[in-house]
Number of protein chains: 2
Amino acid sequence: MPEKILIVVCDGLGDRPVKGLGNKTPLQSAARPSLNHFATKGVCGIIDVIAPGVRPGSDTAHLALFGHDPFKVYTGRGPFEAMGVGMVVRPGDVAFRCNFSTVSPDMTIVDRRAGRIREGTADLAKTLDNWEFEGVKVYFKEGTEHRGVLLLRATGLSPLVTDADPHQEGVRPHDCEPKVPEAALTARVVNAFVKRSYELLRGHPVNKARVKSGERPANIVLPRGAGIMPHIPTFQERFGLKAAAIAGVALVKGICRVSGMDIIEVKGATGGLNTDMEAKARAANRALETYDLVFVNIKAADLCGHDGDPKGKAAVVRRLDKAMAVVRKGLPPGAFFALTADHSTPCCVKDHTGDPVPLVVYGEGVRADSVRTFDEIACAEGGLGRLRGVDLLPILMDLSGRAEKFGA
Amino acid sequence: MPEKILIVVCDGLGDRPVKGLGNKTPLQSAARPSLNHFATKGVCGIIDVIAPGVRPGSDTAHLALFGHDPFKVYTGRGPFEAMGVGMVVRPGDVAFRCNFSTVSPDMTIVDRRAGRIREGTADLAKTLDNWEFEGVKVYFKEGTEHRGVLLLRATGLSPLVTDADPHQEGVRPHDCEPKVPEAALTARVVNAFVKRSYELLRGHPVNKARVKSGERPANIVLPRGAGIMPHIPTFQERFGLKAAAIAGVALVKGICRVSGMDIIEVKGATGGLNTDMEAKARAANRALETYDLVFVNIKAADLCGHDGDPKGKAAVVRRLDKAMAVVRKGLPPGAFFALTADHSTPCCVKDHTGDPVPLVVYGEGVRADSVRTFDEIACAEGGLGRLRGVDLLPILMDLSGRAEKFGA
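Position numbers for residues count from 1 along each chain, tracking the sequence in the order it is written. To read the labels, note that chains go from A and ligands from 1, taken in the order they are written. Thresholds applied to this predicted model are a pLDDT of at least 70 for local features of residues and 80 or more for the giving and counting of side-chain atom pairs; totals over whole chains, interfaces and linings are not thresholded and use all residues. Neither water nor hydrogens contribute to the side-chain values; these are computed over all heavy atoms in the structure.

Side note on the overall build of chain A
Stage number 1. Across its full length, chain A carries 14 helices and 15 strands.
Stage number 2. Against the 2.2 N^0.38 benchmark of 22 Å for 408 residues, chain A shows a C-alpha radius of gyration of 23 Å, consistent with a compact globule.
Stage number 3. By its C-alpha atoms, chain A is 70 × 55 × 35 Å across when sized along the principal axes.
Stage number 4. With a 1.4 Å probe rolled over the protein chains alone, any residue whose accessible area is under 20% of its type maximum counts as buried; one over 50% counts as exposed, and the rest are partly exposed. The buried share of chain A, taken over its 408 residues, is 58%.
Stage number 5. When checking whether two residues touch, look at their non-hydrogen atoms; a contact exists if any pair is within 4.5 Å. Of the contacts formed within chain A by residues at least 6 apart in sequence, a portion of 73% connects residues at least 24 apart.
Stage number 6. When the accessible surface of chain A is split by element, carbon and sulfur atoms take 51% of a total near 16,200 Å².
Stage number 7. Side-chain charges of chain A comprise 54 positive and 47 negative groups, with the mean position of each set lying 3 Å from the other. What counts as a helix is a DSSP run of H or I of at least four residues, what counts as a strand is a run of E of at least two, and both are numbered from the N terminus. Our radius of gyration is a C-alpha quantity, and the globule rule it is checked against amounts to 2.2 Å times the number of residues to the power 0.38. Note on areas: these come from Shrake-Rupley sampling with a 1.4 Å probe, and a residue is covered only by the protein chains present in the view. For this count, His and the chain ends are skipped, Lys and Arg are scored as positive, and Asp and Glu as negative. The atom standing in for a charge is NZ when the residue is Lys, CZ when it is Arg, CG when it is Asp and CD when it is Glu.

Now the structure itself:
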């Protein structure tokens, strides 16, 4: 009988030694009895989530940790941007990154970012969302500031089209052109969408108000960077297992969804700094009663990394440790537990880096090594050595009794 | 002058900590002064024989340890099944896994496994073996119970044919159909073989006796799972070296043979639990006088793993250690010696798992590390780190002075 699996990913947990913390990483500097318990009883290692020195995005990192080769399945940012703004993306959908831009009446682009508009984009987006053209469903959603996502859904779409966004100002928007004959429909829809965006947005109340207050109107949407959502085999298809995810961040949720995981919403789990980690831990333990594999993403450490706040990050680790105490108490007998990060977000860099992340795998029969603390440096001496992100899931499938033999 | 090489693979040696052995693996729990001597003087590591978490078969594992990418050269089980029953397989041969089955007079399959026949299959097989049809040599050999292997030899064969075995009962055998025009000859031979198997087997004395005693006759053979034997470059072709193998198990012998190794038969080396390991060690030392590379497979630990017998496995390790004392004594000056396993067979799982296996490489000039004991956990801290199976041979070729420079 295969065993249950819990994977906790502490987003951006990895860091570098910080002078202000006595040359320790935020993780090393925090009291973390539960994390250290897992390290002591489990087997540790470090992971290059993509490959050594490659800076992972949250999207590529989670694809890799779910066992997909990101170099194969990451087919352009469009579909992942769509997931990032909370759109549900299906295989075959073609998505574009977009800017709200400003054009003059003669259709010259005056500002590619519409005065870096911050407010009212949700209203503008609603006007453009949920349209249909030549049998293609057209969805549009705003992102942060001047950004948005265009999503096309139909059979027979192609991402092989040129950008409508000319990537410069003082010129007219480009016609979206098919690069192959099969992309003609996709290009027609994009051009119709751009035209329609101008027609519906130029007189929109949000833009009238902007013009009145001397701001540039967001009177057109310019798509670029088409990408098609590949078919990503689900956990059910690959391993016959039922999987659920607990995550606050839209992009991570989206990747979990396309990987075939049910999304469990947890009250107080915000994806922000104030997220209720212990509520997530309790929800994970509960989910393990009905699911074979449960995945939890906890975002808070990453936010402190981006803010360059090592003390805040250490405080997050202390809270994380308490949540892991809850996990430890409620883990079903025989279950395997893996704790790692999707990437490092060193406070000194304030962004994702390619530094490897620590990993512990805990459960009956693992080859416990001599590592006694869970951190970036101790784990590098562990029995798992240095792995890639895509290796994690096969290892867990093997330990939990789900791997197929290759050969006889 | 390149140095000699000895590789000893302890089949299935890797394990997991066992509660009844004080949370040690069978390997850790056994007295093993010779193994520990090699670990102390040598450089250690762990190997993912195929890849992390991938459960190797004995066939794919040995291909990898001989430096072949199993994902490229493992082209279906047929040819390896053939080797497993002791058939000599050559590049271009197409082989099928087969069942002895029972059909009724109207050719409906009554039992795909012929009452799980155990006795008499060698006699039945002999009737079908060594035939020729349209210039194709046809060989057939029995396997365990109702299993057998069909091997076709000619130029111009193709494995791209459908199964004659319909994989269900209550229906007639399928015609074997070519999936591509070039496979037409292969399909014709398979269909002729199936027809002939019914003609020759239905009245065979073994089947007459079975019917008399109320058992189902093995009156037809149904091939499936065609595979072609790829050209595997030999040790001679790759490195210009003369290699020999000492192994008791037919499948391993077969892979050694296709890799261009001479097979040395050793009296008392059975491939079973009672195999004379010290005789194998003495034979290996002797073979090193005339061969550049000698490979030894010792099966016993794997058998205890499959039986779930950790104490038996520890006892095997103690015997293995004595054999390695013989190796140590007789190793030619300057020779390099590698000791590892083809996969783990943890007693708690009773089958191959993806857990990595320990490795030691010993010889003049290796970078001896701080590892003092040869086991799964200590070796993970060794100077070789975590390798793949395909890495072993290039490392030994380099150490022994046979590797070509890549670049100038």
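Description of the interface of chain A and chain B
Stage number 1. Between chain A and chain B, the residue contacts involve 23 residues of the former and 34 residues of the latter.
Stage number 2. A buried area of about 2,100 Å², summed over both sides, lies between chain A and chain B, and 50% of it is on carbon and sulfur atoms.
Stage number 3. Among the residues of chain A in contact with chain B, Arg367(A), Phe406(A) and Ala408(A) are the three that bury the most area, contributing 39% of the side total.
Stage number 4. Each reported salt bridge corresponds to a side-chain nitrogen of Lys or Arg within 4 Å of a carboxyl oxygen of Asp or Glu. Counting the contacts that link chain A with chain B gives three salt bridges.
Stage number 5. Lys19(B) is the partner of Glu364(A) in a salt bridge, and the nearest nitrogen-oxygen pair spans 3.1 Å. Each of two parts loses accessible area, computed with a 1.4 Å probe, when they are put together; buried area is these two losses added.

Focus: the sheet that holds strand β10 (residues 243-246) of chain B
All names here are of chain B.
Stage number 1. Paired strands, in this sense, are two strands between which DSSP finds at least two bridges. The eight strands lie next to each other as β11-β10-β12-β1-β13-β14-β2-β15, forming an open sheet whose pairing is mixed. Every other strand in the sheet has two partners, leaving β11 (262-263) and β15 (385-388) as the edge strands with one partner each.
Stage number 2. Sheet analysis places β10 next to β11, joined by two bridges and oriented parallel. Paired with alanine 244 across the bridge in β11 is aspartate 262.

A few points about the environment of Tyr139(B)
Stage number 1. Its location among the elements puts Tyr139(B) in strand β7 (residues 136-142).
Stage number 2. Aside from chain neighbours lying at most four places away, what touches Tyr139(B) is Met87(B), Asp129(B), Asn130(B), Val149(B), Leu150(B), Leu151(B) and Arg153(B).

Some details on the pattern of salt bridges
Stage number 1. A full pass over the atoms with the stated rule returns 42 salt bridges over all chains.
Stage number 2. Arg77(B) is the partner of Glu81(B) in a salt bridge, and the nearest nitrogen-oxygen pair spans 2.7 Å.
Stage number 3. Arg112(B) serves as the salt-bridge partner of Asp165(B), at 2.7 Å between the closest nitrogen and oxygen. One end of the pair, Asp165(B), is in the loop between β8 (147-153) and α7 (184-201); the other, Arg112(B), is in the loop between β5 (109-111) and α6 (121-128), and 53 residues separate them in sequence. The pair formed by Asp165(B) and Arg112(B) is uniform in burial state, with each residue classed as buried.
Stage number 4. Each of Asp11(A), Lys299(A) and Asp302(A) takes part in salt bridges that share partners, so that together they form one network.

Notes on helix α6 (residues 121-128) of chain A
Residues and elements named next belong to chain A.
Stage number 1. Of the positions making up α6, those classed as buried are Thr121, Leu124, Ala125 and Leu128. In a view along the axis of α6, the buried residues occupy a sector of 100 degrees, so they form one face of it.
Stage number 2. The inward-facing, buried residues of α6 contact β3 (94-103), β5 (131-133), β6 (136-142), α7 (184-201), α8 (205-212) and β8 (220-228).
Stage number 3. Trailing α6 by a residue or two, asparagine 130 shows a phi angle of about 65 degrees, which is positive. The directions from the helix axis to the C-beta atoms form the arc being described.

Brief notes about the packing of aromatic side chains
Stage number 1. Stacked, tilted and edge-to-face are the three classes assigned to paired rings of Phe, Tyr and Trp, where Trp is represented by its six-membered ring and a pair needs centres within 6.5 Å; plane angles under 30 degrees give stacked, over 60 edge-to-face, the rest tilted. All told, the structure shown has 18 aromatic pairs over all chains when counted by the stated rule.
Stage number 2. Taking 4.7 Å as the distance between ring centres and 35 degrees as the angle between the ring planes, the aromatic pair formed by Tyr74(A) and Phe80(A) counts as tilted.
Stage number 3. An angle of 90 degrees between the planes, with centres 5.7 Å apart, marks the rings of Phe100(B) and Phe140(B) as edge-to-face. Of the two residues, Phe100(B) is situated in strand β4 (residues 94-103) and Phe140(B) in strand β7; the sequence distance between them amounts to 40 residues. In this pair, the class of Phe100(B) matches that of Phe140(B), namely buried.
Stage number 4. An aromatic cluster is built from Phe406(A), Phe71(B), Tyr74(B) and Phe80(B), whose rings are joined through pairwise contacts.
Stage number 5. The ring of Tyr291(B) has Lys242(B) lying over it, and the distance from NZ or CZ to the ring centre is 4.7 Å. A ring has a charge above it when a Lys NZ or an Arg CZ is no more than 6 Å from the ring centre and no more than 35 degrees off the ring normal.

Digging into the relation of the copies chain A and chain B
Stage number 1. The copies were overlaid by least squares, fitting only the C-alpha atoms of residues that reach a pLDDT of 70 or more in each copy. Least-squares fitting of chain A to chain B yields an RMSD of 0.3 Å, with the transformation described by 0.1 Å of translation along the axis and a rotation of 124 degrees. With respect to symmetry, the two chain copies, as superposed, fit the operation of a three-fold axis.
Stage number 2. When the interface residues of chain A are mapped onto chain B, a mere 4% of them again lie at the interface, so each copy presents a different face.

Notes on helix α11 (residues 277-287) of chain A
Residue and element names in this part refer to chain A.
Stage number 1. Summarising burial for α11: eight of the eleven residues are buried, a large majority.
Stage number 2. Of the residues making up α11, those classed as buried are Met277, Ala279, Lys280, Ala281, Ala283, Ala284, Asn285 and Ala287.
Stage number 3. Summarising the contacts, the buried residues of α11 are in contact with β1 (5-10), β9 (243-246), β11 (293-298), α12 (300-307) and α13 (310-330).
Stage number 4. Capping the start of α11, aspartate 276 holds a side-chain oxygen 3.3 Å from the backbone nitrogen of glutamate 278, two or three residues further along. For the purposes of these results, a polar contact is taken to be a pair of N or O atoms within 3.5 Å, where, inside protein, one atom must be able to donate a hydrogen and its partner to accept one; residues adjacent in sequence count only when each atom of the pair is a side-chain atom.

Some remarks on the confidence of the model for chain A
Stage number 1. You can read pLDDT as the predictor saying how much it trusts each residue, on a scale of 0 to 100. When pLDDT is averaged along chain A, the result is 96, and 100% of the positions lie at 70 or above.
Stage number 2. For this predicted complex, the interface score ipTM comes out at 0.88, alongside a pTM of 0.91.

Here we look at the nonpolar core
Stage number 1. Residue types Ala, Val, Leu, Ile, Met, Phe, Trp, Tyr and Cys, when buried and joined through side-chain atoms within 4.5 Å, form a set referred to as a nonpolar core. Within the largest apolar cluster, 100 residues are counted, with the highest numbers of intra-cluster contacts made by Leu6(B), Leu293(B), Phe295(B), Met324(B) and Phe337(B).
Stage number 2. Per-element tally for this core: the top contributor is helix α13 (residues 310-330) of chain B, with eight residues.
Stage number 3. Counting residues in hydrophobic clusters, the runner-up holds 99 residues, among them Met87(A), Met229(A), Leu392(A) and Leu399(A).

A look at the side chain of Lys253(A)
Residues and elements named next belong to chain A.
Stage number 1. Relative to the assigned elements, lysine 253 resides in helix α10 (residues 250-258).
Stage number 2. The exposure class assigned to lysine 253 is buried, which follows from its relative accessible area of 16%.
Stage number 3. Residues contacting lysine 253, with those up to four places away along its chain left out, are Ala247, Gly248, Ile263 and Glu265.

Some remarks on the packing of α11(A) against α13(A)
Residue and element names in this part refer to chain A.
Stage number 1. To obtain an axis, a line is fitted to C-alpha atoms, over the contacting stretch when the element is a helix, and the angle between two such axes runs from 0 to 180 degrees between their N-to-C directions. Direction vectors running N to C along α11 and α13 enclose 20 degrees, while the axes themselves pass 8 Å from each other. Taken together, the axes of α11 and α13 lie roughly parallel to each other. Of the two elements, α11 crosses α13, and the hand of that crossing is right-handed. Side by side, α11 and α13 meet where Met277, Glu278, Ala281, Arg282 and Asn285 of the first sit next to Val316, Arg319, Leu320, Lys322, Ala323, Val326, Val327 and Gly330 of the second.
Stage number 2. The nonpolar class holds Ala, Val, Leu, Ile, Met, Phe, Trp, Tyr, Cys and Pro. Asp, Glu, Lys and Arg form the charged class, and all remaining residues, Gly among them, are polar. When its residues are assigned to classes, the contact of α11 with α13 shows seven nonpolar, two polar and four charged. Every angle not falling under 35 degrees, over 145, or within 65 to 115 is termed oblique; those three ranges are roughly parallel, roughly antiparallel and roughly perpendicular. Two helices crossing with the near one rotated counterclockwise from the far one by less than a right angle form a left-handed crossing, whereas a clockwise rotation gives a right-handed crossing.

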